[in-house]
Amino acid sequence: MVKNLPRREEQRGTRRLFIWGIIAAVVIAIGFTVGPWLNSIENTHPQAENTGQLASQKKGVSVAGKTTEPPPHAGANASPESVGRAEAIQGTAKNTTGLRPQQVKAIEDYLAKHSQQKVNSVDFSIAIGSAVPTGMALYNIPDQLALQLPSYKADQYFIVPNEFVIVEGQTRRIIAIVPLST
């Protein structure tokens, strides 16, 4: 049912429609302009867990990190071989450590005696395949843990609250994250 409105009412309704359309367009434009900026600010701050984790990975292991040798000249500098190896490490990441309870217990017992090595926070992502900056202190896997973790005997580690993080020494890539109950 169409109602005949006076010309003045039609113009007022059209004017309101255009004004609200312009307001909606401005709000959308501001959202597209400010949104990415706000997102970049949000991503520059570490998360509240104080472990430095920028990824949601709490535990895991990489099959490639345990079973394949890094290239002979791999180091902290990115080369096509080490980058490819990092992709292989990330690509084979599993959200389980595959460690037996006695292996985790051995790690926890060792850390109870070496708690001074723990760092409270880091400013990089703790996830399988992530690079560990050269300024981060890493420790060699000690012989007593190497007996329990033979596939990691040539690797290094660092400790953050509630996590034992195993790092491949040559490429400084995270290859395992072991959650701790202590």
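Relevant structure appears above.
Residues numbered from 1 in each chain as written. Predicted model: local features only at pLDDT ≥ 70, side-chain atom pairs only at ≥ 80, totals over all residues. Heavy atoms only, no water.

Draft legend 1. Examining the nonpolar core more closely. Leu 99, Ile 107, Leu 111, Leu 145, Tyr 152, Phe 164 and Val 178 are the most contacted members of the largest nonpolar core, which totals 19 residues. Of all elements in the fold, only helix H4 (101-113), helix H5 (143-148), strand E4 (156-160), strand E5 (163-168) and strand E6 (173-179) reach the threshold of two or more residues within this core. The biggest single contributor to this core is H4, with five residues. Core analysis: the next-biggest nonpolar cluster, separate from the first, contains 13 residues, Ile 126, Met 136, Val 167 and Ile 174 among them. (Core = buried A, V, L, I, M, F, W, Y, C linked by side-chain atoms within 4.5 Å. Buried < 20%, exposed > 50% of the residue type's maximum accessible area, 1.4 Å probe, protein only. Helix = DSSP H or I, 4+ residues; strand = E, 2+ residues; numbered from the N terminus.)

Draft legend 2. Summary view of the packing of aromatic side chains. Overall, the coordinates contain three aromatic pairs when judged by the stated rule. Residues Tyr 139 and Tyr 157 carry aromatic rings whose centres are separated by 5.6 Å and whose planes lie at 35 degrees to one another, so their mutual orientation is tilted. Taken together, the residues Tyr 139 in strand E3 (residues 139-140) and Tyr 157 in strand E4 connect sequence positions 18 residues apart. Ring-pair connections join several aromatic residues into one group, and the members of that group are Tyr 110, Tyr 139, Tyr 157 and Phe 164. (Phe/Tyr/Trp six-rings, centres within 6.5 Å; stacked < 30°, edge-to-face > 60°.)

Draft legend 3. Broad picture of the environment of Lys 153. Inspection of the secondary structure puts Lys 153 in the loop between H5 and E4. Exposure remark for Lys 153: the relative accessible area of 58% places this residue in the exposed category. Through-space distance from the C-alpha of Lys 153 to that of Pro 142 is 7.7 Å; in sequence the pair is eleven residues apart.

Draft legend 4. A look at unusual backbone geometry. If you check the backbone angles, Asn 162 has positive phi at about 70 degrees while not being a glycine. By secondary structure assignment, the location of Asn 162 is in the loop between E4 and E5. Of note, the phi angle at Arg 172 is positive, near 55 degrees, even though the residue is not glycine. Here Arg 172 lies in the loop between E5 and E6. Residue classification places Arg 172 among the buried residues on the basis of a relative accessible area of 14%.

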